[in-house]
Amino acid sequence: MSASVVAFRGVGKSYGEFRAVEGLSFDVAPGSIYGFLGPNGAGKTTSLRMMLGMIRPSAGTISVLGSDSAMGVRERVGYLPEERGLYRRMTPVETIVYLARLKGMEARPARARALELLERFGLAAFGHKKIETLSKGMAQKVQILATIAHAPDLVILDEPFSGLDPVNQQVLEDLIVDLHREGRTVLFSTHVMQHAERLCDRLLLIARGRLAFEGTLDEARARLPRTIRLKTSSDAASLAALPGVARVVPDEAPGAFELMLAPGADGEGVLRACFERGLALARFDMGEPALHDIFVALVGEGAQVADARGTA
């Protein structure tokens, strides 16, 4: 049995001449939060559907919970598809019970679990109303709760934050953290980098069906130089002479500069050198590159990823 919850080895998917996914290899460790990231059309959903056995790969092998097919372990997997859909004339309680029973739960425990989840996530008062009477955000929360009702070992969420307002996005982030604390493995896809930046143990960046990066956030940040923003009465030449500074970029504001550090350079060392050389500083901010910037740097300016508001 594989030590990984999910393992891809050289996985590809072609539709005629079009290669939706090509040569994809990665491992998802037990109990981790794994971010599957990329712009719309990058191949994320195709990869998840191959993972779930909904479509067959054209090349490579996939293992899920030690099985060569997710269908063989489907009672241990919870899946939220990108395309949302519920039976509109059913109630939230009926919906959660029905989907939990499809995953092997008995009726009575499934109903108790449904009521518990609806109470926990502020939907108890709507538990017996028709889905068609609920707001879009409420209905989406019901579908998310139905995904986890049977306590799956692996939770796969395809663009789960799409369509949620900021309050419910935070509720979902909290739910993912809770699942992680329970020891469950969560894999979610998104094109909004900020969610992954806050949540994930490891990240996979995919663009045009190919792997652009796989690793931790710190490893991703190491791909770009660290930057320092400062304001000083000194000139650019004095700043460029500081140890560890690879490039000086003047800002629009008078006396403001952005310093690009050389690989391995330490921002504290630059600050210390400023004091030692008597450079007067009105501002000194050390910054880590944002995941959005890392992605654009790795896959090119043409890759459209969403900002914090979820717009591409």
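Above this text sits the structure in question.
Residues numbered from 1 in each chain as written. Predicted model: local features only at pLDDT ≥ 70, side-chain atom pairs only at ≥ 80, totals over all residues. Heavy atoms only, no water.

### Some points on the overall build of the chain
Each helix and strand counted, the chain has 10 helices and 13 strands in total. Projecting the C-alpha coordinates of the chain onto the three principal axes gives extents of approximately 75 × 45 × 35 Å. Considering the chain as a whole, with its 312 residues, one finds that 48% of them fall into the buried category. Across the chain, every contact between residues at least 6 apart in sequence was considered, and the portion connecting residues at least 24 apart equals 66%. As displayed, the chain offers around 15300 Å² of accessible surface, 50% of which is attributable to carbon and sulfur atoms. If you average the places of the 37 positive and of the 37 negative side-chain charges in the chain, the two averages end up 6 Å apart. (Helix = DSSP H or I, 4+ residues; strand = E, 2+ residues; numbered from the N terminus. Buried < 20%, exposed > 50% of the residue type's maximum accessible area, 1.4 Å probe, protein only. Contact = heavy atoms within 4.5 Å. Areas by Shrake-Rupley, 256 points an atom, 1.4 Å probe, with all protein chains shown as cover. Lys, Arg positive; Asp, Glu negative; His and termini not counted. Charge placed at Lys NZ, Arg CZ, Asp CG, Glu CD.)

### Side note on the side chain of Lys-141
Take Lys-141: it is sitting in helix α4 (residues 136–148). Salt bridges are absent for the buried Lys-141, whose nearest opposite-charge side chain, Asp-165, sits at 8.0 Å. When sequence neighbours within four positions are dropped, the list of residues in contact with Lys-141 reads Phe-121, Leu-123, Asn-168 and Val-171. (Salt bridge = Lys/Arg side-chain N within 4 Å of Asp/Glu carboxyl O.)

### As for the pattern of salt bridges
Counted under the stated rule, the structure contains 15 salt bridges. The residue Glu-182 makes a salt bridge to Arg-184 at a minimum N-O spacing of 3.0 Å. A salt bridge links Arg-202 to Glu-214, with the shortest nitrogen-to-oxygen separation between them at 2.9 Å. Linking Arg-202 in strand β8 (residues 202–207) with Glu-214 in strand β9 (residues 210–215), this pair joins segments that are 12 residues apart in sequence. What makes Glu-214 partly exposed here is its relative accessible area of 23%. Ionic contacts of the salt-bridge type, sharing partners, join the residues Arg-19, Glu-22 and Arg-210 into one network.

### Section: helix α2 (residues 92–102)
The set of residues buried in α2 consists of Pro-92, Val-93, Thr-95, Ile-96, Val-97 and Ala-100. On its buried face, α2 sits against α3 (107–120) and α4. Count one or two residues on from α2 and you reach Gly-104, which has phi positive near 105°.

### Some points on the sheet that holds strand β10 (residues 227–232)
Judged by pairing direction, the sheet is antiparallel, and its four strands sit side by side in the order β11-β12-β10-β13 without closing on themselves. Edge positions in the open sheet fall to β11 (245–250) and β13 (281–287), since each of these has one partner strand only. Looking at each pair of strands side by side, their axes are set apart by 20° on average, direction ignored. As paired elements, β11 and strand β12 (residues 256–261) share five bridges and run antiparallel to each other. Note on β12: the bridge partner recorded for Val-245 is Leu-261. Each of β10, β11, β12 and β13 touches helix α9 (residues 267–276); the most contacted strand, β13, lies at about 165° to it. (Pairing = 2+ DSSP bridges. Axes fitted to C-alpha atoms, helices over the stretch in contact; angles between N-to-C directions.)

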